[in-house]
Amino acid sequence: MKTQYYTATTIDGYIADDGNSLDWLFEVDGGDEHPFGEFFAGVGAFAMGATTYEWVLAHENALEHPENWLEPYGDTPAWIFTHRDLPRIPGANLHFVRGDVAAAHKEMVAAANGKNVWLVGGGELVGAFADAGLLDELILGVAPVTLGSGAPLLPRRLTSRRLTLTDVTRLGQFANLRYAVSPPTS
């Protein structure tokens, strides 16, 4: 079981533009292979921040069409980290949480029942998991795009002492990189 951050990023290290848009991502040719289904088959629980959840609500129209959430994620439990009240997608297995990621991570691991925990994003949330030593792997699809500013991939300093490259593949115009993440040293 691993806790994984699987996301797309620009060459200059952003996961969304200044307006939290992902439009840049959908312009990039990902090739004929679509590894998300295989990846998600190994996921038993996942987490996302409020901004990511709100993007899904707006862009997938998930409140009016819950099937847009349920089709890709089914009944897989999701933890939404937020400091405000957010609407609940009908039929989705959602847990709205605040505060320390460690307590929620224990719940997520138990719910994952031996499968992986996926950290969807954003970067600040994933950074909190990394700070707590609860991030095992980065899986990054690097797109041939630069934004110059926006939501950073991981707004933390993680040096090569904590990151070990384990795989490199190409999917269309994406360079897919996998890194094992070691816990912080005291």
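Our structure is the block above this text.
Residues numbered from 1 in each chain as written. Predicted model: local features only at pLDDT ≥ 70, side-chain atom pairs only at ≥ 80, totals over all residues. Heavy atoms only, no water.

1. As for the environment of L147
You can see L147 is positioned in the loop between β7 (137–143) and β8 (151–152). Exposure remark for L147: the relative accessible area of 28% places this residue in the partly exposed category. For the pair L147 and E60, spaced 87 residues apart in the sequence, the C-alpha separation amounts to 23 Å. (Helix = DSSP H or I, 4+ residues; strand = E, 2+ residues; numbered from the N terminus. Buried < 20%, exposed > 50% of the residue type's maximum accessible area, 1.4 Å probe, protein only.)

2. As for the packing of aromatic side chains
In the structure shown here, the tally under the stated rule is 19 aromatic pairs. The interplanar angle of 50 degrees and the centroid separation of 6.3 Å between the aromatic rings of Y73 and W118 together place this pair among those described as tilted. Separated by 45 residues along the polypeptide, Y73 in helix α4 (residues 67–73) and W118 in strand β6 (residues 116–121) bring together distant segments of the chain. When sorted by exposure, Y73 lands in the same class as W118, which is buried. Among the aromatic side chains, those forming a connected cluster through ring pairs are Y6, F36, F39, F40, F46, Y53, W69, Y73, F96 and W118. (Phe/Tyr/Trp six-rings, centres within 6.5 Å; stacked < 30°, edge-to-face > 60°.)

3. What about the environment of T159?
Within the fold, T159 resides in the loop between β8 and β9 (163–171). C-alpha separation for the pair T159 and V181, spaced 22 residues apart in sequence, amounts to 10.0 Å.

4. Observations concerning the pairing of β6
Here is the key point about a regular strand: its side chains alternate between the two faces of the sheet. Among the 6 residues of β6, 6 are classified as buried, and the element is accordingly described as predominantly covered. The pairing of strand β1 (residues 3–10) with β6 spans 3 bridges and is classified as parallel. In the sheet register, Y5 faces β6, and the bridge partner there is L119. Here 5 bridges tie strand β3 (residues 43–49) to β6, and the two strands are oriented parallel to one another. Of the residues in β6, the one forming a bridge with M48 is G121. (Pairing = 2+ DSSP bridges.)

5. With respect to the sheet that holds β6
In space, the 8 strands of this open sheet follow the order β5-β4-β3-β6-β1-β7-β10-β9, with mixed pairing throughout. With one partner strand each, in any of the chains shown, β5 (94–97) and β9 form the two edges of the open sheet. Along the sheet, successive strands turn relative to each other by an average axial angle of 20 degrees, direction set aside. Helix α3 (residues 50–60) contacts β3, β4 (78–81), β5 and β6 of the sheet and is inclined by roughly 100 degrees relative to β3. (Axes fitted to C-alpha atoms, helices over the stretch in contact; angles between N-to-C directions. Contact = heavy atoms within 4.5 Å.)

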